[in-house]
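# An overview of the molecular structure
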Amino acid sequence: VTSPRDRAEAHTALGPGREFDAIRGLIARWGPAARGLGDDCAVLDVPAGERLCVSTDACVEGVHFHREWLTPREIGARATAAALSDLAAMAARPLGLVVAAVVPPAWRADFGELADGVAEAATAAGAPILGGDTSAGSELTLTVTVLGSAPAPLARAGAQRGDRLYVTGTFGGPLAALRALVHGVPPAAADRARFASPAPRVREARWLAGAGARAAVDVSDGLAADLGHLAAASGVRVRLELDRVPCVPGIAPLDAARSGEEYELVVAAPTPLDGHAFAAAFGIPLTEVGRVLGEGAPGVEAWLGGARVDLPRGHDHFSE
Ligand SMILES: [Mg+2]
């Protein structure tokens, strides 16, 4: 078994301005991570009885990341993981993805590393690369469109009164890493990993759906903001117990609740979910953090230390 990086060493770098050579180079570089490239469309089957789930996500230099904070490979993997996280939010099994890249001249030498990152995240999630496009342009932009299927996609709108709210994982790592980076300090390794190499919870989501979860959202804008989206979609008021939200060291619960790009999941379930079985299967916690209330205006009310607190808005990484 060779990594995309190993395979790259056996092939010639992309020729400038030669689209066909570039595609051949990518096919060689991606190896088994890609499937069926080269025709006008990707052709795929959706399993009988399942619904097709599609989402697209653009990742733009200067908006979603700074070049000096991440390696090209991490940038490619992170953009792909962010897109795949939306399949996780629906408990969809990935069928594959297509990627469109706008590549400025200053990025051409690193394009292969970006492509390796895309393949790394795609392979980790079991999503073959089915096609794509490249163009010259002024800002590096990776637009990843993911395709998946599920017998019963897990919508945001499914939460009902009395449901228990659970989160996967531990919150605040990306925010802790960004705080360090904007101050020119190296982040703690664990925080940097959460920021640079997020893991879409694709398999975890299907476990959760199988265990009875009936609404879900992935945390891209921050736990508070995304739980707010779930509450609005479901037309329910929810109570979030901030004391229960698992936080990385050095991050307080209110900050954890506004930390974006976590790519963890929030789910609502009518019956208790088995956190021990979940942790044994996936190596991350599953924590009950609140309830869907029986009445009140749709939205989130947060409690901390026995008192109501105001929730932060969705986090903007570059407003730190
Ligand atoms: Mg999402």
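Cut-off values and rules
- Residues numbered from 1 in each chain as written.
- Predicted model: local features only at pLDDT ≥ 70, side-chain atom pairs only at ≥ 80, totals over all residues.
- Heavy atoms only, no water.
- Helix = DSSP H or I, 4+ residues; strand = E, 2+ residues; numbered from the N terminus.
- Rg over C-alpha atoms; globule rule 2.2 N^0.38 Å.
- Buried < 20%, exposed > 50% of the residue type's maximum accessible area, 1.4 Å probe, protein only.
- Contact = heavy atoms within 4.5 Å.
- Areas by Shrake-Rupley, 256 points an atom, 1.4 Å probe, with all protein chains shown as cover.
- Lys, Arg positive; Asp, Glu negative; His and termini not counted.
- Charge placed at Lys NZ, Arg CZ, Asp CG, Glu CD.
- Pairing = 2+ DSSP bridges.
- Axes fitted to C-alpha atoms, helices over the stretch in contact; angles between N-to-C directions.
- Donors = N, O, S within 2.8 Å, 3.2 Å for Na, K, Ca; no water.
- Phe/Tyr/Trp six-rings, centres within 6.5 Å; stacked < 30°, edge-to-face > 60°.
- Lys NZ or Arg CZ within 6 Å of the ring centre and 35° of its normal.
- Patch = residues over 30% accessible without salt bridge, like charges linked within 9 Å, V, L, I, M, F, W, Y side chains within 5 Å.
- Salt bridge = Lys/Arg side-chain N within 4 Å of Asp/Glu carboxyl O.
- Parallel < 35°, antiparallel > 145°, perpendicular 65-115°, else oblique.
- Left-handed = near helix turned anticlockwise from the far one by under 90°.
- Nonpolar A, V, L, I, M, F, W, Y, C, P; charged D, E, K, R; others polar.
- Expected span 1.5 Å × (residues − 1).
- Arc of directions from axis to C-beta.

### Description of the overall build of the protein
Within the protein, the regular secondary structure consists of 10 helices and 11 strands. By the compact-globule yardstick of 20 Å for 320 residues, the protein fits well, its C-alpha radius of gyration being 20 Å. Along the first, second and third principal axes, the C-alpha set of the protein runs to 60 × 50 × 35 Å. Going through the 320 residues of the protein one by one, you find that 48% of them count as buried. Summarising the internal contacts of the protein: among those between residues at least 6 apart in sequence, 87% fall at separations of at least 24. Roughly 14,200 Å² of accessible area belongs to the protein as shown, and the carbon and sulfur atoms make up 53% of that amount. Measuring between centres, the 29 positive side-chain charges of the protein sit 4 Å from its 38 negative side-chain charges.

### Observations concerning the sheet that holds strand β3 (residues 129-135)
The strand order β1-β4-β2-β3 describes an open sheet built from four strands, whose pairing is mixed. Only two strands of the sheet have a single neighbouring strand rather than two, namely β1 (51-60) and β3. In this sheet, neighbouring strand axes are inclined to one another by 15° on average, regardless of whether the strands run parallel or antiparallel. Relative to strand β4 (residues 141-150), β1 runs antiparallel, the two being bridged by 10 bridges. Looking at β4, one finds that R51 is bridged to A150. Docked against the sheet, helix α3 (residues 72-89) engages β1, β2 (93-102) and β4, running at close to 35° with respect to β4.

### With respect to the coordination of the magnesium ion
Coordination of the magnesium ion by the protein involves D86 (OD) and D218 (OD), with metal-donor separations of 2.0 to 2.1 Å. With a gap of 132 residues between them, D86 in helix α3 and D218 in strand β6 (residues 215-218) connect regions that are remote in the sequence. Take D86: its relative accessible area is 23%, and that puts it in the partly exposed class.

### Thoughts on the packing of aromatic side chains
This model, assessed by the stated rule, comprises four aromatic pairs. Ring centres 6.5 Å apart and planes at 65° place the aromatic pair W69 and F195 in the edge-to-face group. One end of the pair, W69, is in the loop between β1 and α3; the other, F195, is in helix α6 (residues 189-196), with 126 residues separating them in the sequence. Among the residues examined, F195 registers a relative accessible area of 2% and is labelled buried. A ring pair is formed by F278 and F282, whose centres lie 5.0 Å apart and whose planes are at 55°; its orientation type is tilted. A residue pair is termed a helical-turn pair when its members lie 3 or 4 positions apart in one helix, as F278 and F282 do in helix α10 (residues 275-282) at four residues. Accessibility expressed as a relative area gives 0% for F278, which makes it buried. Taken together, the ring pairs connect W207, F278 and F282 into an aromatic cluster. Above the ring of F195, the side-chain terminus of R78 is found at 4.5 Å from the ring centroid.

### Quick notes on a nonpolar patch on the surface
Nonpolar side chains collect at one region of the surface, where V46, L52 and V54 lie side by side and expose about 250 Å² of accessible area between them. Position of V46 among the secondary structure elements: in the loop between α2 (19-30) and β1.

### Observations regarding the packing of α2 against helix α4 (residues 111-124)
One can describe the packing of α2 onto α4 by two numbers: an axis separation of 10 Å at closest approach and a directional angle of 45°. One finds that α2 runs oblique with respect to α4. For the pair α2 and α4, the sense of crossing is right-handed. In contact with L26, R29 and W30 of α2, α4 contributes F111, G112, E113, A115, D116 and A119. Here the contact of α2 with α4 is built from residues that sort into five nonpolar, one polar and three charged.

### So, α2
Taking 1.5 Å of rise per residue, 12 residues should cover 16 Å, and α2 covers 16 Å from first to last C-alpha, within 8% of that figure. Of the residues making up α2, those classed as buried are A22, G25, L26, R29 and W30. Along the axis of α2, the buried positions cluster into a sector of 120°, meaning they face one direction only. Phi turns positive one or two residues past the end of α2, at G31, with a value near 50°.

### A closer look at helix α7 (residues 202-210)
Taken as a whole, α7 has its buried residues at V202, E204, A205 and L208. Angular distribution of buried residues about the axis of α7 spans 155°; they occupy a single face of the element. Where α7 ends, the next residue or the one after it, G212, has phi of about 120°, a positive value.

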